[in-house]
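Chains, contacts and geometry: an overview
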Amino acid sequence: MQIRLEPKKLTEVDSDALVILGFDGAPPEAAAADQVKELYDSGEFSGKGLEIAILHRPAGLKAKRLVLAGGGKRDRFDAAELRKLTGAVVRSLKSKGIHSITLALDEPWRSDDFVASAVEGAVLADVENDRYKTDPKKNEKQVALFSVLGGSQAAVDRGRILAEAQNFSRDLANEPANVLTPTLLAERAKQMAAEFDLECEVLDQDRMRQLGMGALLGVAQGSAEPPALIVIRYKPAKAPESKDHLGLIGKGVTFDTGGISIKPSDGMEKMRYDMAGGAAVLGAMRAIAQIKPSIPVTALVPAVENMPGSKAQRPGDIVKSLSGKTVEVLNTDAEGRLILIDALTYAQRMGCTHLVDAATLTGAIVVALGSVNIGAFTNNEAFLEKLLTAAKAEGEKTWQMPMDEEYKELLKSSFADLHNIGGRAGGSITAAWFIRDFVNETPWIHLDIAGTAWLDDSKLYMAKGATGVGLRTFVRLAETW
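These lines cover the structure that appears in this document, whether it is placed above or below. (Residues numbered from 1 in each chain as written. Predicted model: local features only at pLDDT ≥ 70, side-chain atom pairs only at ≥ 80, totals over all residues. Heavy atoms only, no water.)

**As for the overall build of the protein**
Looking only at helices and strands, one finds 14 helices and 20 strands in the protein. Radius of gyration (C-alpha) of the protein: 24 Å, near the 23 Å computed for a compact globule of 481 residues. In terms of overall dimensions, the protein has C-alpha extents of about 80 × 50 × 45 Å along its principal axes. Every one of the 481 residues in the protein was classed for burial, and the buried ones make up 57%. Carbon together with sulfur atoms contributes 49% to the accessible area of the protein, which is approximately 20,100 Å² in total. (Helix = DSSP H or I, 4+ residues; strand = E, 2+ residues; numbered from the N terminus. Rg over C-alpha atoms; globule rule 2.2 N^0.38 Å. Buried < 20%, exposed > 50% of the residue type's maximum accessible area, 1.4 Å probe, protein only. Areas by Shrake-Rupley, 256 points an atom, 1.4 Å probe, with all protein chains shown as cover.)

Right under this line is the structure:
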């Protein structure tokens, strides 16, 4: 899809579809006003959120169609709603074989945040996740051009960069596990880093063994596929004034059977997206390399398969982490936290002063927050406030979860420094406490994205599958540091 900024008047737009916003009870002032008013008066269009109506051969316009897109209540309409609405419009018109779409934005919707969000919505909506379908007609309906009337070129470029990076992340997380092994994930990361002038290093199994990453290697030992620790570095052209160094750590379990503590078979096929956190931080680095924030950023993705092979880790095993602390493994399906702690320790050794990890970590967070909010945990309220501000600006809903000291008591082990689960109650919180024990006083945020990283069904604005959640927040966090 080509993205373009067009400084034209409505009456000059020659497009398959000209899209204007309409709000609940408030018809837009635009060309073909009488026809638009008729739609409102007849009840065919009311302006409610994500509602779409089409006028063919609109009076006074060159465009073949005038499309009314419902924004809902005007006073509640924000950039996140525009992102969804634009996506819904693109997916709806694409299904009708429309090839060129122009979105007209009036004040106050011409600010950079709104324009960027509109472009993001269009690019995200264009993905169908049908790569492995052999239907020869699957690509017949394509939107070739999406144009925006109003706004700046910088905003259009930013929206395209973010959405293409998010689609890169979604593509990784959607890949089946027989296609995307830890080794091939590392290869994809190398290719991306080379394309965008980022430094990339991949630690193999032998190097991890030399360093003493026993927690990570314990998870990987049941699989015939070797693990990889992917490290990607962005350095600003100008040396920053502060010593701050942002570390983004993403869980990279390319497939999770649960190991010896095996998962139920129902729904296990979705466990290919158990590396969605890793995909999000890789995509974030792709965007960061182009947006060029002033803070150095390092991404680490511990990539493994969690399999029940003959050499698999057993419940009751005790492993020694890179930090030197020992862990009694009570449940091998609590593997994400084990690979994260070694990656977080390594990030601190590399000089990262602020840490954010993202992981599809617990079913407990899905019970607590459903598929609406990311669960956020921290040891530093000021740092979390920065991230929450970034998340709100990007429309990625995030909710702070408690970290009371009492939860840590549930991780006490009689045989090691701690064990890797704290029981059923408060499962997402005890998981976060487990990770927190390995970051010491370094400002740290843990994002549990288990409920938000995957769509079980297509939405009006996005196809079924991986969402790429967290990526936009990471980029905004670095960009506004």
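**Let's talk about the pairing of strand S9 (residues 246–250)**
Along any regular strand the residues' side chains alternate between the sheet's two faces. For S9, the buried fraction is high: five of the five residues fall into the buried class. Residues Leu-246, Leu-248 and Gly-250 line one face of S9 and the alternating positions Gly-247 and Ile-249 line the opposite face, and both faces are buried. Bridge count for S9 against strand S14 (residues 354–359) is five bridges, and the pairing is parallel. Of the residues in S14, the one forming a bridge with Leu-246 is His-354. With four bridges joining them, S9 and strand S11 (residues 297–306) adopt parallel strand pairing. Paired with Leu-248 across the bridge in S11 is Ala-299. (Pairing = 2+ DSSP bridges.)

**Structural notes on the state of the cysteines**
Applying the stated rule across the entire model yields zero disulfides. Here Cys-200 stays free of any disulfide, with the sulfur of Cys-352 as its closest cysteine sulfur at 15 Å. (Disulfide = S-S within 2.5 Å.)

**Things to note about the sheet that holds strand S17 (residues 418–419)**
What the three strands build is an open sheet, ordered S12-S13-S17; its pairing is mixed. The open sheet has two edge strands, strand S12 (318–320) and S17, and neither has a second partner. With three bridges connecting them, S12 and strand S13 (residues 326–328) associate as antiparallel partners. Bridge pairing links Val-319 to Val-327 in S13.

**Things to note about the environment of Ala-224**
When you line up the elements, Ala-224 lands in the loop between helix H7 (214–220) and strand S8 (228–234). Sequence separation between Ala-224 and Pro-27 is 197 residues; the distance between their C-alpha atoms is 62 Å.

**Describing the side chain of Asp-317**
Its place among the elements puts Asp-317 in the loop between S11 and S12. Note on Asp-317: relative accessible area 18%, which makes it buried. At 2.9 Å, the side chain of Asp-317 forms a polar contact with the backbone nitrogen of Arg-314. Not counting chain neighbours up to four residues away, the residues in contact with Asp-317 comprise Val-327, Glu-328 and Val-329. (Polar contact = N/O pair within 3.5 Å; in protein donor to acceptor, adjacent residues only side chain to side chain. Contact = heavy atoms within 4.5 Å.)

**Brief notes about the packing of aromatic side chains**
By the definition in use, this model includes nine aromatic pairs. Over the face of the ring belonging to Phe-438 we find Lys-325, whose NZ or CZ atom lies 5.4 Å from the ring centre. In this structure, Lys-386 packs its charged tip against the face of Trp-481, placed 3.9 Å from the ring centre. (Phe/Tyr/Trp six-rings, centres within 6.5 Å; stacked < 30°, edge-to-face > 60°. Lys NZ or Arg CZ within 6 Å of the ring centre and 35° of its normal.)

**Here we look at helix H5 (residues 182–195)**
The first and last C-alpha atoms of H5 sit 20 Å apart over 14 residues, in line with the 20 Å expected at 1.5 Å per residue. Residues of H5 that are buried: Pro-182, Leu-185, Ala-186, Ala-189, Met-192 and Ala-193. On an axial view of H5, the arc spanned by its buried residues comes to 125 degrees, and they lie on one face. Every exposed residue of H5 that faces more than 90 degrees away from the buried side is listed here: Gln-191, Ala-194 and Glu-195. In this fold, the buried residues of H5 make contact with helix H4 (153–174), strand S7 (199–203), S8, strand S10 (252–256), helix H8 (276–291) and S11. One or two steps after H5, the chain reaches Asp-197, where phi turns positive at roughly 60 degrees. (Expected span 1.5 Å × (residues − 1). Arc of directions from axis to C-beta.)

**Observations regarding the sheet that holds strand S1 (residues 2–5)**
If you walk across this open sheet you meet the six strands as S1-S6-S5-S2-S4-S3, and the pairing is mixed. Edge positions in the sheet fall to S1 and strand S3 (52–56), since each has one partner strand and no second. Averaged over all adjacent pairs, the angle separating strand axes in this sheet is 20 degrees, with direction ignored. Where S3 meets strand S4 (residues 65–70), five bridges bridge the pair, whose relative direction is antiparallel. Across the sheet, His-56 pairs through a bridge with Arg-65, a residue of S4. (Axes fitted to C-alpha atoms, helices over the stretch in contact; angles between N-to-C directions.)

**As for helix H13 (residues 427–436)**
Burial analysis of H13 places nine of its ten residues in the buried class, which makes it a mostly covered element. Restricting attention to buried positions, one finds in H13 the residues Gly-427, Ser-428, Ile-429, Thr-430, Ala-431, Ala-432, Trp-433, Phe-434 and Ile-435.

**Brief notes about the environment of Phe-114**
Examined against the element boundaries, Phe-114 turns out to sit in helix H3 (residues 112–125). Leave out the neighbours within four places in its chain, and Phe-114 touches Phe-77, Asp-78, Ala-79, Leu-82, Pro-108 and Trp-109.

**Quick notes on the packing of H5 against H8**
In helix packing, the relevant descriptors are the interaxial angle and the interaxial distance, both defined with respect to the helix axes. Taken N-terminus to C-terminus, the directions of H5 and H8 make an angle of 10 degrees; their axes are 11 Å apart at the nearest point. One finds that H5 runs roughly parallel with respect to H8. On the side of H5, the interface is formed by Leu-185, Ala-189 and Met-192, while H8 contributes Leu-282, Met-285 and Arg-286. Here the residues of the contact of H5 with H8 sort into five nonpolar, no polar and one charged. (Parallel < 35°, antiparallel > 145°, perpendicular 65-115°, else oblique. Nonpolar A, V, L, I, M, F, W, Y, C, P; charged D, E, K, R; others polar.)

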